[in-house]
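Topology and contacts: notes
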Amino acid sequence: MKIISVVRDFEMYDRLVRNNPFNKGADFSCFDNRQENLGIPARYNQFLNGYDFADEDWLVFCHEDWEVRESWQPLLERLDKNRLYGVAGIRSFRFGRSVYEQFAGCIRESQKDGSEQIVRGEPIFSPQEVDTFDCQCLIVHSCLIKEYNLRFDENLTFDLYGEELSIGARENYGIRSCVVPLACQHYSRGRLSQRFTDGIEYLNRKYAGAKRVYANVVSPSMLVYNRKKHKRLKPVMYRESFLNFLFSRKITRSGRMQIKICKLPVASIKNVQIGVFFDKKNTGFFLTMWYIY
């Protein structure tokens, strides 16, 4: 396994990535971006253009502020090498004039200092297919990169390059993307900027003939789609589903899990992990966030 990162904060990178005991045994490729602040896709392509494809490795492209919290080996041993993988993604389906988008995967998010932790999604226990996944961690086998000569789009600098990889692989080669069950924490809550909005417009121009509708984790309301074919798509109407109204949970700043029923707090529990009983059949449809278009 090779772990590739673009770094500006080396203290964080060393703590979360390079010296992480769960990454022990991996090879690390690190790009120092403190002086020449190149876009992340350009750095990742530098790695791929210099990689010896006679070797066969799992390639993990991750942010300096992303931390894995369990062993890689059991997961990698059972993954299909012909797919792209991430840890947080969005899947969708059409119903009439509407497109329903669902977050898939389970990740812990926080500020850079670890404060304000929240858990997004619900536990999954096998890879789940998605349309796109977030850029914080991308997992791909070198043989798939070699077969299709996959590269990152350098017109995108710091946003949406993971989503673009998913969309291009699906539209051009029929390669599916999945999120995987992997305990991890992203020390970033994410934010929208004009650069992100411009990136969505760029992707809509690039994939004007897209066969499917694609959303993204940061703002599912920003879609990539064939605007002639799907011109009757509805805008966002609701941010929460009835299931979320009935039941919700979050991690408070003090580290306690707060549980609400019908928006009313009913329990506050410390050091408790929510287990498999939430979704015994692993359907991914129980107690999840829905976005309706």
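The structure under discussion appears in the preceding block.
Overview of the structure. This structure is a prediction, so every number in the text was calculated from the model and none was measured.

Conventions adopted
- Residues numbered from 1 in each chain as written.
- Predicted model: local features only at pLDDT ≥ 70, side-chain atom pairs only at ≥ 80, totals over all residues.
- Heavy atoms only, no water.
- Salt bridge = Lys/Arg side-chain N within 4 Å of Asp/Glu carboxyl O.
- Helix = DSSP H or I, 4+ residues; strand = E, 2+ residues; numbered from the N terminus.
- 1 Å grid on protein atoms, 1.4 Å probe; cavity = no way out; pocket = protein on both sides within 12 Å on 5 of 7 lines; lining within 4 Å.
- Points joined across faces, edges and corners; volume = space filled by probe spheres on them.
- Core = buried A, V, L, I, M, F, W, Y, C linked by side-chain atoms within 4.5 Å.
- Buried < 20%, exposed > 50% of the residue type's maximum accessible area, 1.4 Å probe, protein only.
- Contact = heavy atoms within 4.5 Å.
- Pairing = 2+ DSSP bridges.
- Phe/Tyr/Trp six-rings, centres within 6.5 Å; stacked < 30°, edge-to-face > 60°.
- Arc of directions from axis to C-beta.
- Polar contact = N/O pair within 3.5 Å; in protein donor to acceptor, adjacent residues only side chain to side chain.

**Re the pattern of salt bridges**
Counted according to the given criterion, the structure contains 16 salt bridges. The closest approach of N and O atoms between Glu 11 and Arg 15, which form a salt bridge, is 3.3 Å. Of this pair, Glu 11 and Arg 15 both sit in helix α1 (residues 10-18), four residues apart, roughly one helical turn. Three or more residues joined by partner-sharing salt bridges are found here, namely Arg 83, Glu 129, Arg 170 and Arg 176.

**Digging into empty space enclosed by the protein**
Per the stated rule, a full pass over the model turns up two cavities of 30 Å³ or more. Lining of the second largest cavity is provided by Leu 160, Glu 163, Ile 167, Ile 200, Leu 203, Tyr 214, Ala 215, Asn 216, Met 222 and Val 224.

**Overview of the nonpolar core**
One finds Leu 59, Phe 61 and Leu 84 to be the most contacted residues of the largest nonpolar core, which totals 39 residues. Elements that contribute at least two residues to this core include exactly β1 (2-7), α2 (40-49), β3 (58-62), β11 (137-141), α4 (142-148), α5 (161-173) and α6 (194-206). Among all residues touching Leu 84, those that are not within four sequence positions of it are Phe 133, Ile 139, Val 140, Leu 144, Leu 150, Leu 165, Ser 166, Ala 169, Ile 175, Arg 176, Ser 177 and Cys 178. Counting residues in each nonpolar core, the second largest holds 36 residues, with Met 12, Tyr 13, Trp 66 and Leu 182 among its members.

**Here we look at the pairing of strand β7 (residues 98-109)**
Summarising burial for β7: 11 of the 12 residues are buried, a large majority. When β7 meets strand β8 (residues 118-121), the two strands line up antiparallel, connected through four bridges. Its bridge partner being in β8, Arg 108 is matched across the sheet by Val 119.

**A closer look at the packing of aromatic side chains**
Under the counting rule described, the total for this entry stands at 12 aromatic pairs. Look at Tyr 44 and Tyr 161: their rings are 6.0 Å apart centre to centre, the planes differ by 80°, and that puts the pair in the edge-to-face class. With Tyr 44 in helix α2 and Tyr 161 in helix α5, the pair connects residues that are 117 residues apart, well separated along the chain. For Tyr 161, a relative accessible area of 0% translates into the label buried. Plain terms: the ring middles of Phe 47 and Tyr 51 are 5.6 Å apart, the flat faces sit at 35° to each other, and that makes the pair tilted.

**Quick look at α1**
Turning to α1, its buried residues number three or more, namely Phe 10, Met 12, Tyr 13, Leu 16 and Val 17. Taken down its axis, α1 places every buried residue within 145° of arc, on the same side. Next to the buried residues of α1 lie β1, β2 (27-32), β3 and β4 (66-68). N-capping of α1 is provided by Asp 9, with a side-chain oxygen placed 3.2 Å from the backbone N of Glu 11.

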